[in-house]
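# Architecture at a glance
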Amino acid sequence: MNPASAMQSSPAPTAPDTSRPILQLTDIWQRFGGLVANAEVTFDVPRGQILGLIGPNGAGKSTLFGIIAGARAPVQGQVVFEGRDVTRLDAPARCTLGIARTYQVPRSFDSMSVLDNVMVGSFSRHTRAAAAREAALEVLDFTGLIGRAAASAGDLTPPEKRRLEVARALATEPRLLLLDEVMTGLTPSEARKGVELIRRIRDRGITVIMVEHVMEIVMPLVDRAIVLNLGRVLSQGAPHDVVRDPAVVAAYLGDRHRAA
Amino acid sequence: MLLEVSNLTTAYNGLIAISDISMNVAEGEIVVVAGANGAGKSTLLKSIAGMERPQSGSVRFDGTPIGAMPAHQIPQRGLAYVPENRRLFPRLSVADNLRLGSYLYRKQADREAPLEQVFTLFPRLKERLPQRAETLSGGEQQMLAIGRALMTRPRLLMLDEPSQGIMPKLVDEIFEAVKTIRAGGVTVLLVEQRLVESLEIADRAYVLQTGRVMLSGTAAQISADPDVRRAYLGM
């Protein structure tokens, strides 16, 4: 059976259990040769939250992001999405289950229109072009790109391309959306619009995990922050508490006496 | 001022990495540019070194505008740049890497003159001269990169995150070397994420956040400023 058509009816046959965490990571390890990129990473992501994944350079954020998205399986540990072990599932299979991601460097199909780019996403839920187009238009409206629907993706400005990444991911109708540095390089006013969009995504009931460097944007936005350092979870909690954790401050600003 | 950066803005494909940055370095200073990842520290150095073309703003070195100068002509004016990840010639020996640093002086009998100073700073380089650069440890590679830069006989040495990916003990050694280099008459502009350690050796600091200068002042002022945490952690 075509998995896309199976997903077309909603609610899904196994309605998600909303009381459980949407995502559970248990003892995740990742190694590249001798380098330990992630170690003992364990945390839950409650449904309906915006979670920030932060940490200094080399903390293992991108590696962990890839493990959640299905880009690469961990050498050890378990990724459970809505109660189901997805550790060994590839990215397309996870997309079908309801996990979507964006890329830090936008991966638009530049010779195609903005609408067609988003339809690439909506075709994962709709087999008929008309239905896929309708769904894509709705997403374009939601993301504020409707006025650019006919434009060639290659002609978009960099902030619009970021938005297109988000739109295409949303068109796959995810319940978990992974955002990889969508705020980087935006002007303050563009970033404010981005923040507003992410809040509206959350308000639709979509859980959001974001890897972000732009701390003055990400910290006020997220419900919870996970701080990684040297591949491990250093701290987690409400942003207000995390930024006051001496271990977090030392990880960012350095403190050789404490670190030694 | 030896280095004057005015209203510098650099973007990558329309995405702004640094915005309207003004900063300066006086002869004989150690100045730190700090900030969390993504703050624009490396872009600032690249824009000064001619490795990136700023969109607007100016860079003056010893009074001369160098903003439009090709990167390879900048070292001969006395500005040396040690990039992030060192960018050594991995398959060349330590000796050859150092020798390439003195390329500007290739026609001179005293081409290798700064070598003695480099070996005094980093004695272990002398022990490893015939070895390929790629066989050195991370800290030793950093020493070699700094040594190679010193072979260009700079007046201003710019270092991009020399502490990255190396053992704490070697970080101390490198920071000690930076002090010695300055004592020898070379001005230093140091980019570091690890602010606490770098303030111990610096005269002044600039703290960047998302491509802008958020704080600047003497090392003592910055050490005591509670806004530093906000610059790094956003709140």
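The structure displayed is predicted, hence computed values, not measured ones.

## A short note on the overall build of chain A
Secondary structure assignment for chain A yields eleven helices and ten strands. The C-alpha radius of gyration computed for chain A amounts to 18 Å, which stays within 12% of the reference 18 Å derived for 260 residues, consistent with globular compactness. Each of the three principal axes of chain A carries a C-alpha extent, and together these read 60 × 40 × 35 Å. Taking all 260 residues of chain A together, the buried fraction comes to 47%. Contacts in chain A between residues far apart in sequence, at least 24 positions, make up 66% of those at least 6 positions apart.

## Regarding the overall build of chain B
The helix and strand inventory of chain B stands at nine helices and ten strands. For chain B, whose C-alpha radius of gyration is 17 Å, the value lies close to the compact-globule estimate of 18 Å for 235 residues. Taking the principal axes of the C-alpha coordinates as reference, chain B spans close to 50 × 40 × 30 Å. When each of the 235 residues of chain B is scored for burial, the buried share is 48%. Here the analysis covers contacts within chain B between residues at least 6 apart in sequence; of these, 66% occur between residues at least 24 apart.

## Comments concerning the environment of B:Ile201
Residues and elements named next belong to chain B. Looking at the element boundaries, Ile201 is found in the loop between helix H7 (195–199) and strand S9 (204–209). According to the C-beta neighbour criterion, Ile201 is partly exposed, with 18 such atoms within 10 Å. Taking the C-alpha atoms as reference points, Ile201 and Ala219, 18 residues apart in sequence, are found 8.5 Å from one another. In this view, Ile201 contacts Ile30, Phe175, Val178 and Lys179; residues no more than four positions away in its chain are not counted.

## Side note on the pairing of strand S10 (residues 212–218) of chain B
Residues and elements named next belong to chain B. Inspection of the sheet shows S9 paired to S10 by six bridges, in the antiparallel sense. Among the inter-strand pairings, Tyr206 is bridged to a residue of S10, identified as Ser216. Two successive antiparallel strands, S9 and S10, enclose a turn made up of two residues, where Thr210 displays a positive phi of approximately 45°.

## Structural notes on unusual backbone geometry
Residues and elements named next belong to chain B. A positive phi angle, close to 50°, is found at Asp62, a residue other than glycine. Inspection of the secondary structure assignment puts Asp62 in the loop between strand S4 (56–61) and strand S5 (64–65). The backbone of Arg86 shows a phi angle near 70°, a positive value even though the residue is not glycine. Take Arg86: it is sitting in the loop between strand S6 (79–82) and helix H2 (94–101).

## Here we look at the sheet that holds S10(B)
Strand pairing in a sheet takes place through backbone hydrogen bonds and is either antiparallel or parallel in direction. Residues and elements named next belong to chain B. Across the sheet, six strands lie side by side as S6-S7-S8-S3-S9-S10; this open sheet has mixed pairing. The open sheet terminates on both sides in strands that have one partner only, identified here as S6 and S10. Sheet twist, expressed as the mean angle between neighbouring strand axes with direction ignored, is 15°. With five bridges joining them, strand S7 (residues 156–160) and strand S8 (residues 187–192) adopt parallel strand pairing.

## Thoughts on the pairing of strand S4 (residues 76–81) of chain A
Residue and element names in this part refer to chain A. Bridge count for strand S1 (residues 23–32) against S4 is five bridges, and the pairing is antiparallel. Across the sheet, Gln24 pairs through a bridge with Val80, a residue of S4. Linkage of S4 to strand S5 (residues 84–85), two consecutive antiparallel strands, is achieved through a turn of two residues, within which Glu82 is found at a positive phi near 50°.

## Focus on the interface of chain B and chain A
Contacts between the two partners involve 22 residues from chain B, matched on the other side by 24 residues from chain A. At the level of secondary structure, the elements contributing two or more residues to the side of chain B that touches chain A comprise strand S2 (15–25), H7 and helix H9 (227–233) of chain B. Per element, the largest residue contribution to the side of chain B that touches chain A is four residues, and it comes from H9(B). A per-class count over the side of chain B that touches chain A returns eleven nonpolar, eight polar and three charged.

## Looking at the packing of H2(B) against helix H5 (residues 138–150) of chain B
All names here are of chain B. Relative to each other, H2 and H5 sit at 35°, their axes nearing to 7 Å. Read as a crossing pair, H2 and H5 show a hand that is right-handed. Seen from H2, the contacting residues are Val94, Asn97, Leu98, Leu100 and Gly101; seen from H5, they are Leu144, Gly147, Arg148 and Ala149. Its residues placed into classes, the contact of H2 with H5 shows five nonpolar, three polar and one charged.

## A few points about the sheet that holds strand S2 (residues 35–45) of chain A
Residue and element names in this part refer to chain A. Pairing in this open sheet of four strands is antiparallel, and the strands run S2-S1-S4-S5 from one edge to the other. Each of the sheet's edge strands pairs with one partner strand only, and the pair in question is S2 and S5. Alignment of S1 against S2, held across seven bridges, turns out to be antiparallel. Considered in S2, the bridge of Leu23 is made with Val45. Docked against the sheet, helix H2 (residues 61–69) engages S1, S2 and S4, running at close to 125° with respect to S1.

## Section: the packing of helix H4 (residues 114–122) of chain A against helix H6 (residues 158–170) of chain A
Residue and element names in this part refer to chain A. Following both chains from N to C, one finds H4 and H6 inclined at 40°, their axes separated by 7 Å at the closest point. By the angle between their axes, H4 is oblique relative to H6. From H4, Val114, Asn117, Val118, Val120 and Gly121 reach across to H6, where they touch Leu164, Ala167, Arg168 and Ala169. Here the residues of the contact of H4 with H6 sort into six nonpolar, two polar and one charged.

## Side note on the environment of A:Leu51
Residues and elements named next belong to chain A. With respect to the helices and strands, Leu51 occurs in strand S3 (residues 50–54). A residue is classified by how many C-beta atoms lie within 10 Å of it, and Leu51, with 22 of them, is buried. Beyond its immediate sequence surroundings of up to four residues, Leu51 is in contact with Val45, Val208, Ile209, Val222, Asp223, Arg224 and Ile226.

The rules behind the values
Residues numbered from 1 in each chain as written. Chains lettered and ligands numbered in written order. Predicted model: local features only at pLDDT ≥ 70, side-chain atom pairs only at ≥ 80, totals over all residues. Helix = DSSP H or I, 4+ residues; strand = E, 2+ residues; numbered from the N terminus. Rg over C-alpha atoms; globule rule 2.2 N^0.38 Å. Buried ≥ 20, exposed ≤ 12 C-beta atoms within 10 Å, placed from the backbone. Contact = placed C-beta atoms within 7 Å. Pairing = 2+ DSSP bridges. Axes fitted to C-alpha atoms, helices over the stretch in contact; angles between N-to-C directions. Nonpolar A, V, L, I, M, F, W, Y, C, P; charged D, E, K, R; others polar. Left-handed = near helix turned anticlockwise from the far one by under 90°. Parallel < 35°, antiparallel > 145°, perpendicular 65-115°, else oblique.

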